[in-house]
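Results of the structural survey
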Amino acid sequence: MAHAEAAAKFNENEAKVNWHDKALWFVRQKRDKQAYKVQGWEQLRDYASALKANVLSNLDSYLVQFEENAKKNGVTVHWAANAEEHNKIVHSILQKHNAKKIVKSKSMLTEECHLNPFLEANDIEVIDTDLGERIVQLAQEPPSHIVLPAIHKTKEEVDELFQEHLGTKPSGGNPEYLTREARKHLRNKFLQADAAITGVNFAVADTGGFVVCTNEGNADMGAHLAKVHIACMGMEKLIPQEKHLGIFLRLLARSATGQPITTYSSYFNKPEEGKEMHIIIVDNGRTEQLSREDFRRSLHCIRCGACMNTCPIYRRSGGHSYDATIPGPIGSILSPGKDLTKHSSLPFASTLCGSCSDVCPVKINIHEQLYKWRQIIVKDVPQPFVKKNIMKAAGSILAKPKTYDFVGKSTRFMLKNTPKSLINSKINTWGHARDLPEVKGDNFEEWYKKRQKNE
Ligand code: SF4
């Protein structure tokens, strides 16, 4: 389903759309307040962007350096070319330990690789331990946001979900009660787990260590209790040196949720005695994206979600309408690189206002890349007949001032004299949710000429 159609479905519940919009805008405002408190915020963004550019230009050597250092620390490093390989590696590690119960903290990479269904098909129980992730897992839905996975659910909906799956009492959506119940439920899962899977926020090339950020401490709880810790990372997650963590940690939490620091920013370096630690470094299309001159900067992304919180389209269409692992503005750049035809509507799901680029902590030129994709898509993907021909006609009208004047005049005449029911008919998709502005008598040029005459 194209983004606009899926968005129309989300828009059927107007109260929910308004609430979703407001909730995300609140996070955006929190981000602004925190960002303005940091002197040299723009400089931090510049540093982070330059560091990421440096990493991407020297990715081969940083990856090898990271692998060497991680191995020295006693960590086993695996390489996966794609999602299938990644899932097989995870499975083989679990099989070796006869692990049947897994706890997993938030990892968009494992979502991208569809790890949960793969492990479940192999009789392995996977419990997502981030509260938002657990909510969507119980609802059998994908996350709708990369930082706030259940932002599309109201507290009343969570209440019902917990009654059904966790046997809780009706609480009218009392967040404190629901969180306590989730905590009890997850505590047992942590204690029973044979292995823990986490994502990676930053992998440090010069130490071989990696940082995982959570607000709930769930990654730490899982990794410290289980005998085996598997950390899954996209190959772009590298930063050159440990000292650069200060830059990225400052930017990440503030951009993501408007917090000065993530509650738990844990730096994993080596396995505890008697335990095992594995890192899986995954490509899955990243090398290809790196080779696309116009889109390689999308690999700077540190998955803070700020571009989603600020995007007027995302806030009013919901994450699921993108039908992609990463929704919102950055997802609309990454997804067409994976499947251009399937995701061809996404770069058009933007006003190109540039707000996403303005808030991005690593200065990705998001709106420019969306515009680039549009140019590729109209050439390479067959467009709907009506849209294609209307755009062609618009192109030739806009290229000739006289034709433009003539069409403008005729359209104004038609709009004034045609019944509204005809103007807002089925063919005019623009008119489904909006009225066209009232037509004034003259256009600007005519008005200006008259004014000059009268002076
Ligand atoms: S593109 Fe930028 S703003 Fe969007 S999630 Fe990535 S780092 Fe954050």
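The preceding data block contains the structure.
Residues numbered from 1 in each chain as written. Predicted model: local features only at pLDDT ≥ 70, side-chain atom pairs only at ≥ 80, totals over all residues. Heavy atoms only, no water.

Running from amino to carboxyl end, helix H9 (residues 155-166) crosses helix H10 (residues 175-192) at an angle of 35°, the nearest separation of the two axes being 11 Å. The crossing of H9 and H10 is left-handed. Across from Lys155, Val158, Asp159, Phe162 and Leu166 in H9, the residues of H10 making contact are Pro175, Leu178, Ala182 and His185. Looking at side-chain class alone, the contact of H9 with H10 contains 6 nonpolar, 1 polar and 2 charged residues. (Axes fitted to C-alpha atoms, helices over the stretch in contact; angles between N-to-C directions. Helix = DSSP H or I, 4+ residues; strand = E, 2+ residues; numbered from the N terminus. Left-handed = near helix turned anticlockwise from the far one by under 90°. Contact = heavy atoms within 4.5 Å. Nonpolar A, V, L, I, M, F, W, Y, C, P; charged D, E, K, R; others polar.)

Assignment of secondary structure puts Ala70 in helix H4 (residues 59-72). Setting aside residues up to four positions removed in sequence, Ala70 forms contacts with Val75, Val77, Gly208 and Ile279.

The subject of this paragraph is the pattern of salt bridges. In total, this model carries 29 salt bridges according to the counting rule given. As a salt-bridge pair, Arg31 and Asp32 come within 2.7 Å of each other at their nearest N and O atoms. For Arg31, a relative accessible area of 5% puts it in the buried group. Each of Glu112, Glu236, Arg286, Arg303 and Lys338 takes part in salt bridges that share partners, so that together they form one network. (Salt bridge = Lys/Arg side-chain N within 4 Å of Asp/Glu carboxyl O. Buried < 20%, exposed > 50% of the residue type's maximum accessible area, 1.4 Å probe, protein only.)

Applying the stated rule across the entire model yields 6 aromatic pairs. A centroid spacing of 5.5 Å and a plane angle of 40° characterise the contact between Phe202 and Phe248, whose relative ring orientation is tilted. On the criterion of sequence distance, the pair formed by Phe202 in strand E5 (residues 202-204) and Phe248 in helix H12 (residues 245-257) is long-range, its members being 46 residues apart. For the pair shown, Phe202 and Phe248 are each scored as buried. Three or more aromatic residues joined by ring pairs form one cluster here, namely Phe444, Trp447 and Tyr448. Above the ring of Phe248, the side-chain terminus of Lys52 is found at 5.8 Å from the ring centroid. (Phe/Tyr/Trp six-rings, centres within 6.5 Å; stacked < 30°, edge-to-face > 60°. Lys NZ or Arg CZ within 6 Å of the ring centre and 35° of its normal.)

Taken together, 13 residues lie near the ligand, and Cys301, Cys304, Gly305, Cys307 and Cys360 sit nearest. Among the residues forming the shell around the ligand, the class breakdown is 11 nonpolar, 1 polar and 1 charged. (Near = heavy atom within 4 Å.)

Attention now goes to the side chain of Ser335. Tracing the backbone shows Ser335 in helix H16 (residues 328-338). Filtering out sequence-adjacent residues up to four positions away, Ser335 remains in contact with Ala324, Ile326, His343 and Leu346.

On to the side chain of Asn284, then. With respect to the helices and strands, Asn284 occurs in the loop between strand E10 (276-282) and helix H13 (286-291). Classification of Asn284 as buried rests on a relative accessible area of 16%. Not counting the four nearest positions on each side in its chain, Asn284 is found in contact with Ala81, Asn82, Ala83, Glu112, Cys113 and Lys338.

The backbone phi angle of Asn98 is positive, close to 50°, even though this residue is not glycine. By the element assignment, Asn98 lies in the loop between helix H5 (83-96) and strand E2 (101-104). One non-glycine residue, Gln140, adopts positive backbone phi at about 55°. Residue Gln140 is classed as exposed on the basis of its relative accessible area, which comes to 73%.

Let's shift gears to the pairing of strand E7 (residues 228-234). Taking burial as the measure, the 7 residues of E7 include 7 buried ones, the bulk of the element. The pairing of strand E4 (residues 195-198) with E7 spans 4 bridges and is classified as parallel. Bridge assignment links Ala195 to a residue of E7, and that residue is Val228. (Pairing = 2+ DSSP bridges.)

This paragraph deals with the sheet that holds strand E1 (residues 76-80). One open sheet accounts for 6 strands, arranged E1-E10-E7-E4-E2-E3; its pairing is parallel. With one partner strand each, in any of the chains shown, E1 and strand E3 (125-128) form the two edges of the open sheet. Going across the sheet, the axis of each strand differs from the next one's by a mean of 20°, ignoring polarity. One ladder, built from 5 bridges, connects E1 with E10; its direction is parallel. Paired with Trp79 across the bridge in E10 is Ile281. Against the sheet, H4 touches E1, E7 and E10, its axis set at about 150° to E1. In this fold H10 packs onto E2 and E3, with an angle of close to 135° to the strand it touches most, E3.

Pairing within the open sheet is mixed, and its 4 strands lie in the order E8-E5-E6-E9. Taken across any chain shown, the strands that pair with only one partner, and hence form the sheet edges, are strand E8 (238-239) and strand E9 (264-268). Sheet analysis places E5 next to strand E6 (residues 210-214), joined by 2 bridges and oriented antiparallel. Note on E6: the bridge partner recorded for Phe202 is Val211. Across the sheet, helix H11 (residues 218-225) is in contact with E6 and E9; its angle to E9 comes to roughly 35°. Sitting on the sheet, H12 is in contact with E5, E6, E8 and E9, with an inclination near 175° to E5.

With that settled, the discussion passes to the environment of Gln241. Summarising the element assignment, Gln241 is placed in the loop between E8 and H12. In this structure, the C-alpha to C-alpha distance between Gln241 and Ser335, residues 94 residues apart in sequence, is 30 Å. If sequence neighbours within four positions are ignored, Gln241 has contacts with Val204 and Asp206.

Let's shift gears to H5. Under the 1.5 Å per step criterion, the end-to-end length of H5 is 20 Å for 14 residues, consistent within 8% with the ideal 20 Å. Inspection of H5 places Ala83, His86, Asn87, Ile89, Val90, His91, Ile93 and Leu94 among the buried residues, and these make up the whole buried set. N-capping of H5 is provided by Asn82, with a side-chain oxygen placed 3.3 Å from the backbone N of Glu84. (Expected span 1.5 Å × (residues − 1). Polar contact = N/O pair within 3.5 Å; in protein donor to acceptor, adjacent residues only side chain to side chain.)

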